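Working through the structure, step by step
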Amino acid sequence: MIARQIVIHPDADATAQAVAGRLITAVQDAIAARGVAHVVVTGGSLGIAALQAVAGNPARHAVNWSLVHFWWGDERFVAADSPQRNIGQAAELFTELDALGLDRQTVHPMGSSDEYDTAEAAAEAYTALLAAEAPEGQASPAFDVLMLGMGPDAHVASLFPHHTSSQDTGAIAVHESPKPPADRVSLTMPTINAAREVWLLVAGSEKAPALAAAQHEVNEAAVPASAVHGTTATRWLVDRAAASLL
Ligand SMILES: O=C(O)[C@H](O)[C@@H](O)[C@H](O)[C@H](O)COP(=O)(O)O
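Residues numbered from 1 in each chain as written. Predicted model: local features only at pLDDT ≥ 70, side-chain atom pairs only at ≥ 80, totals over all residues.

The name given to the chain in an unreviewed UniProt entry is 6-phosphogluconolactonase, with the source organism recorded as Glutamicibacter creatinolyticus. Quoted verbatim from the Catalytic activity (unreviewed entry) field of the UniProt record, the comment on the chain reads "6-phospho-D-glucono-1,5-lactone + H2O = 6-phospho-D-gluconate + H(+)". Quoted verbatim from the Function (unreviewed entry) heading of the UniProt record, the comment on the chain is "Hydrolysis of 6-phosphogluconolactone to 6-phosphogluconate." (UniProt positions renumbered as here; feature names shortened; annotations may be inferred.)

1. Things to note about the UniProt feature "domain: Glucosamine/galactosamine-6-phosphate isomerase" (unreviewed entry) in the chain
The sites that carry the UniProt feature "domain: Glucosamine/galactosamine-6-phosphate isomerase" (unreviewed entry) are, in the present numbering, residues 10–236. Segment residues 10–236 splits into 33% helix and 16% strand. End C-alpha atoms: 14 Å apart. (Helix = DSSP H or I, 4+ residues; strand = E, 2+ residues; numbered from the N terminus.)

2. Some details on the environment of A49
Assignment of secondary structure puts A49 in helix 2 (residues 45–56). Note on A49: 19 C-beta atoms within 10 Å, which makes it partly exposed. When the C-alpha atoms of A49 and R76 are compared, they prove to be 18 Å apart, with 27 residues separating the residues in sequence. Apart from the residues lying within four places of it in its own chain, the contact partners of A49 are A12 and A16. (Buried ≥ 20, exposed ≤ 12 C-beta atoms within 10 Å, placed from the backbone. Contact = placed C-beta atoms within 7 Å.)

Set out below in structure tokens:
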């Protein structure tokens, strides 16, 4: 049975703080159970705010960050130093965790346009990286927590409505993204859904129709967020404005 939960917070800031607290606890639980934690982080305003909240949460000192792997759900295929890069926007967290033992060998960013000629090449390299860290016979690690933002059009990662649905595992190139920049790399739906826990972070009234649609029925083409789930839990961590149509 997959646990499915919707938790409603007063506002976006409270959601970010609560996600940070949950993430630190989930990482500790994963390390206690398996000696390692695999976390997938996301871009987007709330996803980045949650990472900033981890950097400021006093409980961050309780975690052995050298045992934590960080992965990305999607990334913008632009120059490494572009302010549009999701990893760059999370720099504050990584600088803070460096001081707490984070091993940059276990931080796995998706490739930039400085390193690869095409988003396809970056996606292929990420697919190989995921496989290299996967248990025998699997295509990716069983992520302990995979966080996703959701757009007002119900996209998750860089899987937009009516994306060319990929049943492949690993990462794919995305072009003509309706949310700029146009070129991106994204985990595929099967890889997202191989995570133990998927957390969808959603705030703001402009997301309310998509949030309601995602709870209504599974329709990957029209409402990508509706098709997302973890193998043990799917948690919608939302604010009151986003939940207003539930
Ligand atoms: O690279 C990105 O843009 C994202 O990973 C994307 O999927 C994001 O999470 C959503 O668009 C929500 O973003 P907001 O929280 O900013 O609305």
